[in-house]
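# Residue-level structural notes
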Amino acid sequence: MKTLVLMGMKHCGKSTLARLVAEKNKLKFFDTDDVMRDMTGKSPREIMSEGGAESFYAAEKNACQKVVDEINALSDKCAVVATGGGICNNKEAVELLKTAGVLVYLNVKKNVVTHRVVREIKVGKDGSLSNMPAYIAKKNPRTIKEARKIFSDFFDERSKIYKEISNVTVNASYSKKKNAAILSELLHS
């Protein structure tokens, strides 16, 4: 067995699948966003909005270092790790995780992830949009349609990066159960 490090878009199922695969295989589960929250007392979104990108990347790198240290302390050095959706932009954090295991890009169909991201956006009585990821908000969309287009372009850019940095790409557009079985098989290969 080996350590699997699941990466991919926001809402592609990283945490859910990592938890399932870890449970099924009786392995330790880590979520780098949770570790970051435990270490700082703030959510990733709070760290980004309060301290900016550099502060966020530093906190994410520190969380990944802690995860790698904990994996290395395990007798079998095997675990399942879920990362934050933007880890592909944090080269130092990615390099740390590479030392611990196999980087797996969970590739989910664009329309599925777009629906999951856009459904969280709130439309105010005045038509204003809120509760959207920073990478959408900074483009100042005025409608859900505009937000959807922004995410579509973002998806294409980020998918390319994930494919380049991962060791393995897994089509994760199946049911949770089937996706977990595919990842469990990879864990044992």
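Our subject is the structure that appears above.
### Considering the nonpolar core
In terms of nonpolar packing, the biggest core is built from 34 residues, with Leu 6, Val 104, Leu 106 and Leu 183 touching the most fellow members. Every element with two or more residues in this core is listed here: strand E1 (4-7), helix H1 (14-24), strand E3 (79-82), strand E4 (102-107), helix H5 (110-118), helix H6 (134-137), helix H7 (144-165) and helix H8 (176-188). Among the elements that make up this core, the one with the highest residue count is H7 (5 residues). With residues up to four places along the chain from it excluded, the contact list for Leu 6 reads Lys 14, Leu 17, Ala 18, Val 80, Val 81, Ala 82, Thr 83, Val 104, Leu 106 and Leu 183. In this structure, Val 5, Ala 63, Leu 97 and Tyr 162 belong to the second largest nonpolar core, which totals 25 residues.

### A short note on the pattern of salt bridges
Enumeration according to the criterion identifies 7 salt bridges in this entry. Its salt-bridge partner being Lys 98, residue Glu 95 comes within 3.5 Å of it at the nearest N-O pair. Placement of both Glu 95 and Lys 98 in helix H4 (residues 91-98) is noted, with a separation of 3 residues, approximately one turn of the helix. Under the relative-accessibility criterion, Glu 95 is labelled partly exposed at 38%. Asp 153 is paired through a salt bridge with Lys 149; the nearest N and O atoms lie 2.7 Å apart. Taken together, the positions of Asp 153 and Lys 149, both in helix H7 and 4 residues apart, correspond to about one turn of that helix. For Lys 149, a relative accessible area of 48% puts it in the partly exposed group.

The rules behind the values
Residues numbered from 1 in each chain as written. Predicted model: local features only at pLDDT ≥ 70, side-chain atom pairs only at ≥ 80, totals over all residues. Heavy atoms only, no water. Core = buried A, V, L, I, M, F, W, Y, C linked by side-chain atoms within 4.5 Å. Buried < 20%, exposed > 50% of the residue type's maximum accessible area, 1.4 Å probe, protein only. Helix = DSSP H or I, 4+ residues; strand = E, 2+ residues; numbered from the N terminus. Contact = heavy atoms within 4.5 Å. Salt bridge = Lys/Arg side-chain N within 4 Å of Asp/Glu carboxyl O.

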